[in-house]
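# Descriptive analysis of the structure
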Amino acid sequence: MEQYIKTGLVGATGYTGMELARLMIGHPVFKLVLATSRKEAGKTLVDIFPHLQATILADVPLVSPDPDVLAKECDLVFLAVPHGTAMNIAAELLARKVRVIDLSADFRLHDAGVYEAWYNVTHTQQQLLSQAVYGLPELYAQDIAHAELIANPGCYPTSAILGLYPALQQGLIKTEDIVVDSKSGATGAGRKASVSSLFCEVNENFRAYNLGQHRHTPEIEQEVSVAASTPVTLSFNTHLVPIDRGILSTIYTRLNQPATLTAVHDLFTRFYAHKSWVRVLPQGALPQTKWVRGTMFCDIGLAVDPRTDRLIIVTAIDNLCRGASGQALANANIMFGLDQTLGLHGGTLIP
Ligand SMILES: NC(=O)C1=CN([C@@H]2O[C@H](COP(=O)(O)OP(=O)(O)OC[C@H]3O[C@@H](n4cnc5c(N)ncnc54)[C@H](OP(=O)(O)O)[C@@H]3O)[C@@H](O)[C@H]2O)C=CC1
Ligand SMILES: CC(=O)N[C@@H](CCC(=O)OP(=O)(O)O)C(=O)O
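Residues numbered from 1 in each chain as written. Chains lettered and ligands numbered in written order. Predicted model: local features only at pLDDT ≥ 70, side-chain atom pairs only at ≥ 80, totals over all residues.

- You'll find the chain entered in an unreviewed UniProt entry as N-acetyl-gamma-glutamyl-phosphate reductase, with Desulfoplanes formicivorans given as the organism.
- Among the UniProt annotations of the chain, the heading Catalytic activity (unreviewed entry) holds the following wording: "N-acetyl-L-glutamate 5-semialdehyde + phosphate + NADP(+) = N-acetyl-L-glutamyl 5-phosphate + NADPH + H(+)". (UniProt positions renumbered as here; feature names shortened; annotations may be inferred.)

### Describing the pairing of strand E8 (residues 179-184)
- Pairing of E8 with strand E10 (residues 235-240), which is carried by 6 bridges, proceeds in the parallel orientation. Its bridge partner being in E10, Val 180 is matched across the sheet by Phe 236.
- For E8 and strand E11 (residues 247-254), the ladder comprises 6 bridges, and the chain directions are antiparallel. By the bridge assignment, Asp 181 is partnered in E11 with Thr 250. (Pairing = 2+ DSSP bridges. Helix = DSSP H or I, 4+ residues; strand = E, 2+ residues; numbered from the N terminus.)

### So, helix H11 (residues 321-335)
- The terminal C-alpha atoms of H11, which comprises 15 residues, lie only 18 Å apart, well short of the 21 Å expected from a rise of 1.5 Å per residue.
- Two residues or fewer past H11, Gly 337 is found with a positive phi of approximately 75°. (Expected span 1.5 Å × (residues − 1).)

### Description of the domain arrangement of the chain
- Taken domain by domain, the chain comprises domain 1 (5-153 + 322-335) and domain 2 (156-319).
- Averaged C-alpha coordinates put domain 1 and domain 2 at centres separated by 25 Å.
- Counting from both sides, the interface comprises 18 residues of domain 1 and, opposite them, 23 residues of domain 2.
- Elements represented by at least two residues in the side of domain 1 that touches domain 2 include exactly helix H5 (112-119) and H11.
- Looking at the side of domain 1 that touches domain 2, the element that brings in the most residues is H11, giving 6 residues.
- Here the residues of the side of domain 1 that touches domain 2 are counted per class, giving 10 nonpolar, 5 polar and 3 charged. (Domains from an automatic or database assignment. Contact = placed C-beta atoms within 7 Å. Nonpolar A, V, L, I, M, F, W, Y, C, P; charged D, E, K, R; others polar.)

### Let's talk about the nonpolar core
- With 94 residues, the main nonpolar core has Phe 78, Leu 79, Ala 90 and Leu 164 as its most contacted residues.
- At 9 residues, helix H7 (residues 155-169) tops the list of elements feeding residues into this core.
- Both domains that furnish three or more residues to this core are identified here as domain 1 (5-153 + 322-335) and domain 2 (156-319).
- When neighbours within four sequence positions are excluded, Leu 79 is seen to be in contact with Val 10, Gly 11, Ala 86, Ile 89, Ala 90, Val 100, Asp 102, Leu 103 and Ser 104. (Core = buried A, V, L, I, M, F, W, Y, C linked by C-beta atoms within 7 Å. Buried ≥ 20, exposed ≤ 12 C-beta atoms within 10 Å, placed from the backbone.)

### Here we look at the site of ligand 2
- Around ligand 2, the surrounding shell consists of His 83, Ser 104, Ala 105, Gly 154, Cys 155, Ser 184, Gly 188, Ala 189, Arg 215, His 216, Thr 238 and Leu 240.
- Composition of the shell around ligand 2 by domain shows at least three residues from each of domain 1 (5-153 + 322-335) and domain 2 (156-319). (Near = placed C-beta within 6 Å.)

### A short note on helix H1 (residues 15-24)
- Of all the 10 residues making up H1, 10 are buried; the element is thus mostly covered by neighbouring parts of the structure.
- Buried residues of H1: Tyr 15, Thr 16, Gly 17, Met 18, Glu 19, Leu 20, Ala 21, Arg 22, Leu 23 and Met 24, and no others.
- In this structure, the buried residues of H1 make contact with strand E1 (5-10), strand E2 (30-36), helix H2 (45-48), strand E4 (76-79) and H11.

### Quick word on the pairing of E2
- Among the 7 residues in E2, 5 count as buried, and that is most of the element.
- For E1 and E2, the ladder comprises 6 bridges, and the chain directions are parallel. Bridging from a neighbouring strand, Leu 9 pairs with Ala 35 of E2.
- Between E1 and its parallel partner E2, the chain crosses via H1, and the hand of that crossover is right-handed. (Right-handed = clockwise from strand over helix to strand, strands pointing away.)

### Structural notes on the environment of Leu 320
- Among the structural elements, Leu 320 can be located in the loop between strand E14 (310-317) and H11.
- Contacts of Leu 320, omitting those with residues within four sequence positions, involve Tyr 15, Thr 16, Glu 19, Thr 187, Arg 245 and Ser 325.

### Here's the deal with the UniProt feature "active site" (unreviewed entry) in the chain
- According to UniProt, the positions carrying the feature "active site" (unreviewed entry) are Cys 155.
- Structurally, Cys 155 can be placed in helix H7.
- Here Cys 155 is in contact with Ser 184, Gly 188, Ile 247, Asn 319, Gly 323 and Ala 324, once residues within four sequence places are set aside.

### Some points on the packing of H7 against helix H9 (residues 217-228)
- Where H7 meets H9, the axes come as close as 8 Å, and the angle between the chain directions of the two elements is 20°. With respect to H9, the element H7 is oriented roughly parallel. When you trace H7 past H9, the crossing you get is right-handed. Between H7 and H9, the residues in contact are Pro 157, Ala 160, Ile 161, Leu 164, Tyr 165, Leu 168 and Gln 169 and Glu 219, Ile 220, Glu 223, Val 224, Ala 227 and Ala 228, respectively.
- Split into classes, the residues belonging to the contact of H7 with H9 amount to 10 nonpolar, 1 polar and 2 charged. (Axes fitted to C-alpha atoms, helices over the stretch in contact; angles between N-to-C directions. Parallel < 35°, antiparallel > 145°, perpendicular 65-115°, else oblique. Left-handed = near helix turned anticlockwise from the far one by under 90°.)

### So, the site of ligand 1
- Within the structure, ligand 1 sits among 31 residues, and Gly 11, Gly 14, Ser 104, Gly 190 and Arg 191 are positioned closest to it.
- In the shell around ligand 1, the residues fall into 11 nonpolar, 15 polar and 5 charged.
- Counting the residues that make up the shell around ligand 1, at least three belong to each of domain 1 (5-153 + 322-335) and domain 2 (156-319).

Shown next as C-alpha cells:
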C-alpha cells in the first residue's frame, strides 16, 4: 500500500508555489507528483529551479494545468495561481473528487457580491462558496478537518485577524475605531513582472498604497465581525517595504474600559495558550519580521497607551509561509487527519 498522499501544485513558478515546494521537501506524507506551469510544461522542477538539485523534488514533472491530468495523478491539489483563475480550476478538480486548497482569494468571502465588488471579477463558481472553509487553523480546525475545499487566508488578513480576534471576542476594544496599518515585503506582490516590483523601485524605498481601498479589507472585516458578534468596519492600509518577506501590522484600537498591559497580555496569552504558532511575546517585547522569517509563527506584541485609551497590537508573520504556503500545508495536514505541525517545524531563517 502507498504510504504517501499524491499531491499536485498548480502555479509552481510563482513565489507561493516555490515556497510550497520548499516546505514539501521535508514533508513525510505529502508527495509532490505533479506541478504545473503554462510556460515551462515539459520540463522538470530542477530544470527551472537548480536549487532543487539532489532533493526529492528534482524530477517532479511540470505539466500544463489540465484538470484531467491532475485528477488522474493526485488526491490533493494546491492552487497557487491568481484570483479569478483559481475558481474554475477548483471546480473542475472538485468535480473529479480531488481535494483542493486554494491560496487565492476566490473562495474566502462568503458573499459573492462583496467579492465581485472588491476584486472586479465575476464569480463563476458561487455554488461552491458555501462548502469552502476559511483555512485559519486557530479558528476553524474542526471545519477544516472535514473540508473538500479550503479558502486559504490572505497574507495581510492573517496578520490582522490573529491580532484582533482575542480583543474583539472578549469585548476589550471598541468595534468602530480600528486602524490596521500593515507593511509588506515585495514577494507579497507575486513574481510576475511589473514596474512597481523592480529592484530600483523597491530598494531604499518605503511607500503606502491602496489606503482604505485594499481588497483584503472585506476579508478582515468578515472574520473579525465573527469575533465581535457584530459587523465591524475598519480602516485597513498597506505599505511596501524593501524586504523580501514579511508583514508587520500595527493595529490601533481604542479600549472600552481602562485596562493594564498585564491584564491585556494575560487575555491574549490565555486565548492562544494551546496554539502552536501564535507567540504572544513577553510584556514590553515587540515583534520583528526577522523573528518569523520562513516560519509559521505569528508573533504578537502589545502596548497600552492610557493617555489615548489605546490598545496597540503589533503582529509579524512571513507572508509566504504563514501568510500562504505554510498555512496551506497546515490545512492539508488537518484535512488528512495528520498532526497539523507535520513538516512545519523548520527554524527561523536568520538573517
Ligand atoms: N505572494 C504572497 O505573499 C501571497 C500570495 N497569495 C495568493 O496566492 C496566489 C499565488 O500568488 P503568487 O505565488 O505570489 O503569484 P505569482 O504571480 O508569483 O505566481 C502565479 C503562478 O500562477 C501561475 N498562473 C498564472 N496564471 C495562470 C493560469 N491562468 N492558469 C494556470 N496557472 C497560472 C503562474 O505560472 P505559469 O505562468 O508558469 O503558468 C505562476 O506560477 C495568488 O492568488 C496570490 O494572491 C496569498 C497570500 C500571500
Ligand atoms: C506587497 C503586495 O503587493 N501585496 C499584495 C498582496 C496580495 C495578495 O496576496 O492577494 P490575495 O491574497 O488577495 O490573493 C497586494 O497588496 O496586492
